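If you want the building blocks of each chain, they are given just below.
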Amino acid sequence: MTELSLKDLTKHYGSVKALDGFTHVFEAGQVHALIGKNGSGKSTFVKMISGAVQPTRGTIHVGDSEANFTTPRQAQDAGIATVYQELSLVPELSVAENIYLGRLPKRRSGLIDWRRLNRLTEELFQEIGGLEISPSALIADLSVGQQQMIEIVKAMSFRPQVLQLDEPTSALAQTEVQHLFALVRRLRALGVTIIYITHRLAELGMIADTVTAIRDGVFVGSVPIDKASPPVILDMMFGDLPPLVRPATQIKREDPVLSVRKLALFPFFNDVNFDLFAGEVLGIAGMLGSGRTELLHALFGARKLDSGTMRVRGDTVAMPDIPTMKSLGVGYTSEDRKHAGLVQMLSSHANLCLAGQAKIAPSGWITNGRERPFVERQIAGLHIKVGDPMLPVASLSGGNQQKIVVGNWMNNAPEILLFDEPARGVDVQAKRQIYELIWEKARDGVSSIVVSTELEDLTECCDRILVLRDGQISETFANAGIDPKDIYAACMAAPQTVGAVS
Amino acid sequence: MTRTKVISILRRNSMLLILLALYVLVATTANGFFTINNQLNILRNIAVPGMIAFGMALVIIVGEIDLSVGSMVAVSACLTAWFVEKLSGGAFEPAAWTVIVAFAGTLLFAASIGLMAGLLRQKINVPTFITSLAMMATLAGLANLITGGVPISSFPSWYYFIGSGRFLGVPVPVYLLAVAFAITFTISNFTALGRSIYAVGGNMEAARLSGINVWRTKIICLMMTSVFAAIGGIIYSSLVNAGNPTIARGLELEVISAVIIGGISLFGGKGTIWGAFIGVLFLGVLLNAMTLWGFNPYVQQVIKGGLILAAVFINFFIDRK
């Protein structure tokens, strides 16, 4: 059999033990979920199995043969394929070209044998049960979910015995996740050992056969999925964790802080109306492509509205652009921390002082000393784990980076905070801390709008949830123990008016 | 101080260490290098490329480039001479006000070219690499046009003082270099604008979504560099006492080389004004030394090119650690 067995697998970076004595056998033909909070050693695990980094000590066996590799290529030859979170496809090449990149079939003349290439790709698709994607389609024309599947098919074309999937669903919508799961199940049926890394605990029951947890670089345990109830999982990941309770809030529903009427931004939405009250946490749900992010951008002034009126504390905003909205106390944290939230090469210190410049240095003169109290206040207040705030922010974990983004806006003394996917790519503990922070600010009267793909996150965090569908707010839920399924149904409901949005 | 701290300080100042090593090498092997006069001479020689390099450093940190600074120096020298000639009606000893008006006109012209490059980048997304490449040719042509291809000597007798004069024994351009350093150093370290420059160069979208005025930041850097180049042109026009359209050919390469040697990343977001100064001084010392050593000018060129590559390698290995 071609199970993956690890013995005493260890990686030390200087005095830091990223992974320490990991010993476990992953059975063949099963999907093994690997869970752990940020910084627990999951990525080090993946990198060692994929040959990207070498273990300090310990052994890796694929089946009976010991695998000793110093490069990812050798790991591939040994039958281990890895699909990373970041896609590595070339957008301007076709599906088939991407799959066989670097080993394209050639004719005797040395030119590419296109017919054979497309046939090989078709055969590959057939083998895994068929994909409704044309081998000659351009990657750029596919959805993120389809791209993710091509990435997996590409990995499969190397005929691996072990396949590692690093958070394959983090950027996918619900329907695409189902397609991806179907693909993973077919691979499992082919006898592949699948290591499945995820932050979405709700997925485990749908796809995993076993759940294995790492905590602080140490193997905690591995349980079959029927024994892996949520308390067991959280216990494995975090040890003891107090339950998260949304505080009861008394929101005065008069004099809205933010009031929008007939907002339209073609082609995303055409008639959005809602009020946001002081201290309220308002969730916005909607399918991928429903215009959630675009709505937040428009509220922040980062995108120009086609029509509609916005009022902040009763006053109409004539020109909603970023400086205006900022001066009215609106802050925005992006769904894309890496590319739109932080300046990765700058320090945590500098990243905490981007949005608040006008508050920190009203005269335009800045020194590190002047910024320091603002930096220290956020690091302490948000429990940000930074060794040295002068080191680049890129070295922090996802959760801590997200807190830096939030802290950046806190330094501008915001009154309305717009959160786009605040829990994306952060672990459960960091997610809780971010929610607690939102609630804490709500008690001080700060209002928040939270957009999330994860409906469970919205029901966990928000006082009220709006469903954005067909270009308008189609339903409103007051959150008193609502079931995410109801919201999901509301998001998916068929359009009520034919041709409301193109 | 711990060992790692020492290593980190050494690493951050590696170019300074290399410069010091060069100083020791040259001082022990070249006659007449380590005299006050020669040192002041070096500083005077690097004054013009230096002040432009400070501006260029900001432009590159903010994520843009300006290839037109050499031509800007030439056209500014000619424009100043042309203004003086026209305003004074070709008088033998033009009045001081004609020179002052000429300065104002030249600097205004330079600033508007920088503004234009910035606006083209903002409104129709033309990379500054392209606009400044076009400007490099346009401005050089303009310099020839306004002079008719021959130097204009229209300046009053005291005009030499700006480029060749001394105050308290120190050449005047060295003071101008110091002022340019003070301005750019202050901006980059002690102002909100400086913070914005690094943020915009490091991640334009993140900066925009933090409410930073991205375009204003870029345009200020581009305008400032154009103006520094124009001041450089004025200094050169004083040194040769004429508006000469052929001066400063290829100066942009020297300036950009210095900036790269100084450890400023061409990808933006990274580097310091101090680094730019080290880079300029390094090139200046090397050039001076090679002359003292009696190297043939062609050899000098080859060595200069090799050094740029070497500097890039050094910075690459420092960054990797």
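Residues numbered from 1 in each chain as written. Chains lettered and ligands numbered in written order. Predicted model: local features only at pLDDT ≥ 70, side-chain atom pairs only at ≥ 80, totals over all residues. Heavy atoms only, no water.

### Some words on the overall build of chain B
Item 1. Along its length, chain B carries 14 helices and two strands.
Item 2. With the C-alpha coordinates of chain B rotated into their principal frame, the extents come out at 70 × 55 × 35 Å.
Item 3. Buried residues in chain B amount to 51% of all 321 residues.
Item 4. At a minimum sequence separation of 6, the contacts of chain B that also span at least 24 residues come to 77%.
Item 5. Accessible surface, chain B as shown: approximately 14,300 Å² in total, 70% of it carbon and sulfur.
Item 6. Across chain B, the mean location of the 18 positive side-chain charges is 13 Å away from that of the 8 negative side-chain charges. (Helix = DSSP H or I, 4+ residues; strand = E, 2+ residues; numbered from the N terminus. Buried < 20%, exposed > 50% of the residue type's maximum accessible area, 1.4 Å probe, protein only. Contact = heavy atoms within 4.5 Å. Areas by Shrake-Rupley, 256 points an atom, 1.4 Å probe, with all protein chains shown as cover. Lys, Arg positive; Asp, Glu negative; His and termini not counted. Charge placed at Lys NZ, Arg CZ, Asp CG, Glu CD.)

### Quick look at the overall build of chain A
Item 1. When helices and strands are tallied, chain A shows 18 helices and 20 strands.
Item 2. Relative to the globule expectation of 23 Å for 502 residues, the C-alpha radius of gyration of chain A, 24 Å, shows essentially globular dimensions.
Item 3. In terms of its C-alpha atoms, chain A occupies a principal-axis envelope of roughly 70 × 60 × 50 Å.
Item 4. Among the 502 residues that make up chain A, the fraction classed as buried is 54%.
Item 5. By sequence separation, contacts in chain A at least 24 residues apart represent 67% of the contacts at least 6 residues apart.
Item 6. Of the roughly 22,000 Å² that chain A leaves accessible, carbon and sulfur atoms contribute 52%. (Rg over C-alpha atoms; globule rule 2.2 N^0.38 Å.)

### What about the packing of aromatic side chains?
Item 1. Tallying each qualifying case throughout the model produces 24 aromatic pairs over all chains.
Item 2. On the numbers, 6.4 Å between centres and 15° between planes, the contact of F22 of chain A with F26 of chain A is stacked. This pair shows no difference in class: F22 of chain A is buried, exactly as F26 of chain A is.
Item 3. Each residue in the set F54, F181, F185, F190, W274 and F277 of chain B is aromatic and connected to the rest through ring pairs, giving one cluster. (Phe/Tyr/Trp six-rings, centres within 6.5 Å; stacked < 30°, edge-to-face > 60°.)

### Topic: the environment of G250 of chain B
Residue and element names in this part refer to chain B.
Item 1. Inspection of the secondary structure puts G250 in the loop between α11 (214-239) and α12 (251-261).
Item 2. Assessed through its relative accessible area of 32%, G250 is described here as partly exposed.
Item 3. G250 sits 166 residues away from V84 along the chain, and the two C-alpha atoms are 26 Å apart.

### Looking at the pairing of strand β17 (residues 416-420) of chain A
Residues and elements named next belong to chain A.
Item 1. Of all five residues in β17, five are buried; the element is thus mostly enclosed.
Item 2. Of the two faces of β17, the one holding I416, L418 and D420 and the one holding L417 and F419 are both buried throughout.
Item 3. Where strand β16 (residues 330-333) and β17 come together, four bridges link them in parallel fashion. Residue pairing for β17: G331 is matched across the bridge by L417.
Item 4. Here β17 pairs with strand β18 (residues 447-451) via five bridges, running parallel. Following the sheet pairing, D420 is matched in β18 by V451.
Item 5. As for the winding sense of the linkage, the β-α-β connection from β17 through helix α16 (residues 428-443) to β18 is right-handed. (Pairing = 2+ DSSP bridges. Right-handed = clockwise from strand over helix to strand, strands pointing away.)

### Let's talk about the interface of chain A and chain B
Item 1. Counting residues at the interface gives 25 residues for chain A, matched by 21 residues for chain B.
Item 2. Of the roughly 1,800 Å² buried where chain A meets chain B, counting both sides, 59% is carbon and sulfur surface.
Item 3. Of all residues in chain A, M345, Q357 and I366 of chain A bury the most surface against chain B, accounting for 26% of the area lost on that side.
Item 4. There are one salt bridge connecting chain A and chain B.
Item 5. In this structure, R195 of chain B engages E371 of chain A in a salt bridge whose closest nitrogen and oxygen atoms are separated by 2.9 Å.
Item 6. Linking chain A to chain B there are 11 residue pairs in polar contact (both at pLDDT 80 or more). (Buried area = accessible area lost by both parts, 1.4 Å probe. Salt bridge = Lys/Arg side-chain N within 4 Å of Asp/Glu carboxyl O. Polar contact = N/O pair within 3.5 Å; in protein donor to acceptor, adjacent residues only side chain to side chain.)

### A closer look at the side chain of S226 of chain B
Item 1. Topologically, S226 of chain B is positioned in helix α11.
Item 2. When residues no more than four places from it in sequence are discounted, the contact partners of S226 of chain B are D66, M72, A110, I113 and G114 of chain B.

### Some thoughts on the domain arrangement of chain A
Item 1. Domain parsing of chain A yields domain 1 (4-238), domain 2 (256-329 + 415-502) and domain 3 (342-413).
Item 2. Of note, the centres of domain 1 of chain A and domain 3 of chain A, computed from C-alpha atoms alone, are 35 Å apart. (Domains from an automatic or database assignment.)

### Observations concerning empty space enclosed by the protein
Residues and elements named next belong to chain B.
Item 1. Within this structure, the stated rule accounts for four cavities of 30 Å³ or more.
Item 2. Each pocket or cavity is described by its volume, and for the largest cavity that value is around 70 Å³.
Item 3. I65, D66, S68, I113, G114, A117, T128, T131, S132, M135, L222 and S226 together form the lining of the largest cavity.
Item 4. Those elements that provide at least two residues to the lining of the largest cavity are α5 (96-124), α6 (128-147) and α11. (1 Å grid on protein atoms, 1.4 Å probe; cavity = no way out; pocket = protein on both sides within 12 Å on 5 of 7 lines; lining within 4 Å. Points joined across faces, edges and corners; volume = space filled by probe spheres on them.)

### Quick notes on the sheet that holds strand β10 (residues 218-224) of chain A
All names here are of chain A.
Item 1. Across the sheet, which stays open at both edges, the six strands sit in the order β6-β7-β8-β3-β9-β10 with mixed pairing between neighbours. Two strands close off the open sheet at either side, each with one partner strand: β6 (80-83) and β10. Pairwise comparison of adjacent strand axes, ignoring direction, gives a mean angle of 20° for this sheet.
Item 2. Of the strands in this sheet, β6 and β7 (162-166) touch helix α5 (residues 144-156), which is tilted by about 170° from β6.
Item 3. Contacting β3 (31-35), β7 and β8 (193-197), helix α6 (residues 174-189) runs over the sheet at an angle of about 150° to β8. (Axes fitted to C-alpha atoms, helices over the stretch in contact; angles between N-to-C directions.)

### Description of the side chain of S290 of chain A
Item 1. Residue placement: S290 of chain A occurs in the loop between β13 (281-285) and α9 (292-300).
Item 2. In contact with S290 of chain A, other than residues within four places in its own chain, are F268 and L468 of chain A.

### Side note on the environment of V150 of chain B
Item 1. The residue V150 of chain B is located in the loop between α6 and α7 (160-164) in this model.
Item 2. Sequence-distant contacts of V150 of chain B, defined by excluding residues within four places in its chain, comprise G243 and P245 of chain B.

### Overview of a nonpolar patch on the surface
All names here are of chain B.
Item 1. On the surface, a cluster of nonpolar side chains totalling about 540 Å² of accessible area is made up of Y160, F161, F167, L168 and Y175.
Item 2. The residue L168 is located in the loop between β1 (166-167) and β2 (170-171) in this model.
Item 3. Looking at L168, the relative accessible area reads 73%, which means it is exposed. (Patch = residues over 30% accessible without salt bridge, like charges linked within 9 Å, V, L, I, M, F, W, Y side chains within 5 Å.)

### Focus: a negative patch on the surface
Residue and element names in this part refer to chain A.
Item 1. Together, E456, E460, D483 and D486 make up a region of like negative charge exposed at the surface.
Item 2. Looking at the element boundaries, D486 is found in helix α18 (residues 484-492).
Item 3. Relative accessible area serves as the criterion here: at 40%, D486 is assigned to the partly exposed category.

### Regarding the nonpolar core
Most often, soluble globular proteins keep nonpolar side chains buried together rather than apart.
Item 1. The biggest cluster of nonpolar side chains holds 93 residues, and the ones touching the most others in it are I52, V73 and I197 of chain B.
Item 2. Sorting elements by how many residues they give to this core places helix α3 (residues 36-61) of chain B first, with 14 residues.
Item 3. Once residues lying within four places of it in the same chain are set aside, the contact partners of V73 of chain B are I52, A229, G232, G233, Y236, I247, A248 and L251 of chain B.
Item 4. Grouped together as the second largest cluster of nonpolar side chains are 80 residues, V393, A423, I438 and F477 of chain A included. (Core = buried A, V, L, I, M, F, W, Y, C linked by side-chain atoms within 4.5 Å.)

### What to know about the packing of helix α8 (residues 172-190) of chain B against α11 of chain B
Residues and elements named next belong to chain B.
Item 1. Packing of α8 against α11 leaves a shortest axis separation of 12 Å and a crossing angle of 175°. Here α11 runs roughly antiparallel to α8, going by the angle between their axes. Contact residues: α8 offers P173, L176, A180, T184 and I187, while α11 offers M224, F228 and I235.
Item 2. Residue composition of the contact of α8 with α11, grouped by class: seven nonpolar, one polar and no charged. (Parallel < 35°, antiparallel > 145°, perpendicular 65-115°, else oblique. Nonpolar A, V, L, I, M, F, W, Y, C, P; charged D, E, K, R; others polar.)

### Quick look at unusual backbone geometry
Item 1. Here F266 of chain A and P267 of chain A are connected by a cis peptide whose omega angle stands at -5°.
Item 2. Within the secondary structure, P267 of chain A is located in the loop between β11 (258-265) and β12 (269-276).
Item 3. The backbone of R313 of chain A shows a phi angle near 50°, a positive value even though the residue is not glycine.
Item 4. Along the polypeptide, R313 of chain A turns up in the loop between β14 (307-312) and β15 (315-316).
Item 5. Despite not being glycine, L168 of chain B has its phi angle at roughly 55°, a positive value.

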